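Understanding the architecture of this molecule
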Amino acid sequence: MPLQQDFELFLNALLPATQAIEPKYFRLPIVDGGFQERERVYCYELYHQLRISLGNDYHYTLGGEVDKKAHPIIYNHCGGIVPDFLVHTPGHMGPEDNLVIMEVKPIRLAHPDGHILDDIEKIHCMTRIENGYYRGIILVFGEGHDQLKQEIQRYFHSHDLCNPEILKLIFHHQAGHPAEIVEY
């Protein structure tokens, strides 16, 4: 199956998986009665929902926080990275083996001058190495912050490393609703 079709299958599993994330995993209740977006809590639940959505017949493996610090090819090109998610064939580095690298950020940490730039650079490197990842995704989750979301979208539109054919920007605005692919 061509990589584009595999990628579309992944996206068709990802969006419903985000919709299945319950509020307690989207915004973690804290002791003072408030809530906080926590990346790890969200990612673990997203992993669970993605495994359900992809099913057992999906021929790639979904990996969470796969440490690439000792990888003989990736380390020499991209350094010691630990992506939030990889969709790949573990143990192989052929042209059809690496489908998606995905980074997840809570909206409060996704400011264009901050952590999201590291994720963009990481994905840019991983999609450019020989037999690297076919596509990258940055998924930003959190309620509100419409002005920041617009800033992020403008940043992606103007940044040299953000090619909309290679790097998808996805916003997940609210628990119980699917995430949306954002045009930039």
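Here's a quick rundown of the structure. (Residues numbered from 1 in each chain as written. Predicted model: local features only at pLDDT ≥ 70, side-chain atom pairs only at ≥ 80, totals over all residues. Heavy atoms only, no water.)

A tally of helices and strands in the protein yields six helices and eight strands. Since a compact globule built from 184 residues should have a radius of gyration of about 16 Å, the 16 Å found for the protein is in line with a globular shape. Oriented by its inertia axes, the alpha-carbon framework of the protein measures out at about 50 × 40 × 30 Å. For the protein, the residues scored as buried account for 47% of the 184 residues in total. Contacts in the protein between residues far apart in sequence, at least 24 positions, make up 65% of those at least 6 positions apart. Total accessible area computed for the protein in this model is approximately 9200 Å², and 49% of it derives from carbon and sulfur atoms. Each charge sign in the protein was given a centre, from 15 positive and 26 negative side chains, and these centres are 4 Å apart. (Helix = DSSP H or I, 4+ residues; strand = E, 2+ residues; numbered from the N terminus. Rg over C-alpha atoms; globule rule 2.2 N^0.38 Å. Buried < 20%, exposed > 50% of the residue type's maximum accessible area, 1.4 Å probe, protein only. Contact = heavy atoms within 4.5 Å. Areas by Shrake-Rupley, 256 points an atom, 1.4 Å probe, with all protein chains shown as cover. Lys, Arg positive; Asp, Glu negative; His and termini not counted. Charge placed at Lys NZ, Arg CZ, Asp CG, Glu CD.)

Both the distance between ring centres and the angle between the ring planes are used here to describe each pair of aromatic rings. With the rule as written, the count across this model stands at six aromatic pairs. A ring pair is formed by F26 and Y42, whose centres lie 6.0 Å apart and whose planes are at 70°; its orientation type is edge-to-face. Remark: Y42 occurs in helix α3 (residues 39–54) and F26 occurs in helix α2 (residues 23–26); sequence separation between them is 16 residues. Overall, F26 belongs to the buried group, its relative accessible area being 0%. Where F26 meets F141, the ring centres are 5.7 Å apart and the plane angle is 70°; that geometry is what we call edge-to-face. You can see F26 sitting in helix α2 and its partner F141 sitting in strand β6 (residues 135–141), a full 115 residues away along the chain. (Phe/Tyr/Trp six-rings, centres within 6.5 Å; stacked < 30°, edge-to-face > 60°.)

Attention shifts here to the packing of helix α1 (residues 3–19) against α3. For the pair α1 and α3, interaxial distance at closest approach is 8 Å and the crossing angle is 125°. Here α1 lies oblique to α3, going by the angle between them. As for how α1 packs across α3, the hand of that crossing is right-handed. Where α1 abuts α3, its residues F10, A13, L14, P16, A17 and T18 lie against Y42, L46, Q49, L50, S53 and L54. Looking at the contact of α1 with α3 residue by residue, the classes come out as nine nonpolar, three polar and no charged. (Axes fitted to C-alpha atoms, helices over the stretch in contact; angles between N-to-C directions. Parallel < 35°, antiparallel > 145°, perpendicular 65-115°, else oblique. Left-handed = near helix turned anticlockwise from the far one by under 90°. Nonpolar A, V, L, I, M, F, W, Y, C, P; charged D, E, K, R; others polar.)

Attention shifts here to the pairing of strand β5 (residues 98–106). Within β5, nine of the nine residues are buried, which leaves it mostly tucked inside the rest of the structure. As defined by bridge partners, strand β4 (residues 85–88) adjoins β5 across four bridges and the pair is classed as antiparallel. Bridge pairing in β5 links F85 to M102. The β-α-β motif built from β5, the intervening helix α5 (residues 115–128) and the parallel element β6 has right-handed crossover chirality. (Pairing = 2+ DSSP bridges. Right-handed = clockwise from strand over helix to strand, strands pointing away.)

Turning our attention to the side chain of R135. One can find R135 in strand β6. Among buried charged residues, R135 stands out as having no salt bridge; its nearest opposite-charge side chain is E165, 5.3 Å away. A distance of 3.2 Å separates the side chain of R135 from the side chain of Y134, its partner in a polar contact. (Salt bridge = Lys/Arg side-chain N within 4 Å of Asp/Glu carboxyl O. Polar contact = N/O pair within 3.5 Å; in protein donor to acceptor, adjacent residues only side chain to side chain.)

Using the criterion set out here, one finds one disulfide in the structure. Put simply, C78 and C125 are joined by a disulfide, and their sulfur atoms are 2.0 Å apart. Disulfide C78-C125: torsion about the S-S bond near -95°, hence left-handed. Here C78, found in helix α4 (residues 74–78), pairs with C125, found in helix α5; they are 47 residues apart in sequence, far enough to count as distant. There is no split in this pair, since C78 and C125 are both buried. Between C43, a cysteine without a disulfide, and C162, which holds the nearest cysteine sulfur, the sulfur-to-sulfur distance is 19 Å. For C162, a relative accessible area of 7% gives the class buried. (Disulfide = S-S within 2.5 Å.)

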